[in-house]
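Notes for the structure review
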Amino acid sequence: MSLNRLQLVCNYLPSGVHLLAVSKGQPASSIRELAELGQQDFGESRLQDAVKKIDSLDDLKDLRWHFIGHLQSNKVRGVVQYFDFIHSIDSYLLAERISRIAGEEERHPEGMIQVKLREDPTKGGFHPEHLLEVWPKLIGLPNLNITGLMTMAPISLDLKERRNLFKECRHLADHLGMTNCSMGMSRDWQEAVEAGATWLRLGTKLFGKRSDDVNFNTDITKDD
Ligand SMILES: *Cc1c(COP(=O)(O)O)cnc(C)c1O
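The structure displayed is predicted, hence computed values, not measured ones. (Residues numbered from 1 in each chain as written. Predicted model: local features only at pLDDT ≥ 70, side-chain atom pairs only at ≥ 80, totals over all residues. Heavy atoms only, no water.)

1. Concerning helix α5 (residues 92–104)
Given 3.6 residues to a turn, an α-helix orients residues that are three or four positions apart in the same direction. The terminal C-alpha atoms of α5, which comprises 13 residues, lie 19 Å apart, in line with the 18 Å expected from a rise of 1.5 Å per residue. For α5, the complete set of buried residues consists of Tyr92, Leu94, Ala95, Ile98, Ser99, Ile101 and Ala102. On its buried face, α5 is in contact with α4 (76–82), β4 (85–89) and α6 (128–139). One or two positions beyond α5, positive phi appears at Glu106, with a value near 50 degrees. (Helix = DSSP H or I, 4+ residues; strand = E, 2+ residues; numbered from the N terminus. Expected span 1.5 Å × (residues − 1). Buried < 20%, exposed > 50% of the residue type's maximum accessible area, 1.4 Å probe, protein only. Contact = heavy atoms within 4.5 Å.)

Pasting the structure below:
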């Protein structure tokens, strides 16, 4: 079942577009199943759940772990220890903290900066004007390798509006000289690919329904 879903998506992807399998709310056995089919990048949004799964999949050496949830400051060390990518850097203070702790932990995570291109009280992220202001400081942080932007489309937008939003994110990333745009989820990944996404974050499209969906929304007001 997962094989068909994985092939369906992969057949459609232009080169340079990576697939992040969002495994939050899915058991380690489902991750293992997809890993056996060749998928190496997995996304999690809650540290505690992720750590258990990462530890239990320790025999799979080629997996890369991506943190995609709202990152609270007291979780930064754990995330830096366990994850290779952080897609959800939504403030300068957070970026600074990640860099400092990454230095202490002798890690060098790849980061994407979350941007908020439409008003949405449930989502975090930099407003573009603010991002442009702090950009020189962000890319100057020593232990964080920023390679692009991440964005989420408010659920209220129709597909055309989402496509426009994704194009804006692509333009902003190009303007900043960044390769990556982490954008597009199960409901809008094709629009994101058309607009120039380089990382698609797909959960239910690959794995089917999550076990306990209410606990895995991306609402910034919900804590870990
Ligand atoms: C859950 C989640 C996804 C995946 O959502 P699906 O609709 O299951 O594809 C992608 N990005 C973020 C930030 C998420 O929290």
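On we go.
2. A look at the confidence of the model for the protein chain
Of the residues in the protein chain, 93% reach a pLDDT of 70 or more, and the chain-wide mean stands at 93. A low-confidence stretch, residues 219–224 stays under pLDDT 50, and its non-local contacts, those more than four residues away or across chains, total 13 contacts. (pLDDT = per-residue confidence, 0-100.)

3. Thoughts on the environment of His66
Note that His66 resides in strand β3 (residues 64–67). According to the relative accessible area criterion, His66 is buried, its value standing at 0%. Each residue touching His66, except ones within four places of it in the same chain, is listed here: Leu20, Asp41, Phe42, Gly43, Glu44, Phe83, Phe85, His87 and Trp199. A distance of 2.8 Å separates polar atoms of two side chains, one belonging to His66 and the other to His87. (Polar contact = N/O pair within 3.5 Å; in protein donor to acceptor, adjacent residues only side chain to side chain.)

4. Here's the deal with the nonpolar core
Ranked by size, the top nonpolar core spans 62 residues in total, and within it Leu131, Leu138, Leu149 and Leu200 carry the most contacts. Sorting elements by how many residues they give to this core places α5 first, with six residues. When neighbours within four sequence positions are excluded, Leu138 is seen to be in contact with Tyr92, Ala95, Ile113, Phe126, Leu131 and Ile146. Counting eight residues, the second largest nonpolar core, distinct from the first, contains Val22, Ile68, Phe85 and Met152. (Core = buried A, V, L, I, M, F, W, Y, C linked by side-chain atoms within 4.5 Å.)

5. Thoughts on the packing of aromatic side chains
For the structure shown, the criterion picks out four aromatic pairs. Ring centres 5.2 Å apart and planes at 85 degrees place the aromatic pair Phe67 and Phe83 in the edge-to-face group. With Phe67 in strand β3 and Phe83 in the loop between α4 and β4, this residue pair connects regions lying 16 residues apart in the sequence. The residues Phe67 and Phe83 share a single accessibility class, namely buried. Of note, Lys137 hangs over the ring of Tyr92, and the distance from its end group to the ring centre comes to 4.2 Å. (Phe/Tyr/Trp six-rings, centres within 6.5 Å; stacked < 30°, edge-to-face > 60°. Lys NZ or Arg CZ within 6 Å of the ring centre and 35° of its normal.)

6. A look at the pattern of salt bridges
Taken as a whole, this structure holds 14 salt bridges when the rule is applied. Of the charged contacts, one joins Glu105 and Arg77 as a salt bridge, the two residues approaching to 2.7 Å between their closest N and O atoms. You can see Glu105 sitting in the loop between α5 and β5 (110–115) and its partner Arg77 sitting in helix α4, a full 28 residues away along the chain. Given the relative accessible area of 25%, Glu105 is considered partly exposed. Overall, Arg77 belongs to the partly exposed group, its relative accessible area being 33%. For the salt bridge of Asp174 with Arg170, the shortest nitrogen-to-oxygen distance reads 2.9 Å. Of this pair, Asp174 and Arg170 both sit in helix α7 (residues 159–175), separated by four residues, roughly a single helical turn. Judged by its relative accessible area of 45%, Asp174 falls in the partly exposed class. Accessibility expressed as a relative area gives 12% for Arg170, which makes it buried. (Salt bridge = Lys/Arg side-chain N within 4 Å of Asp/Glu carboxyl O.)

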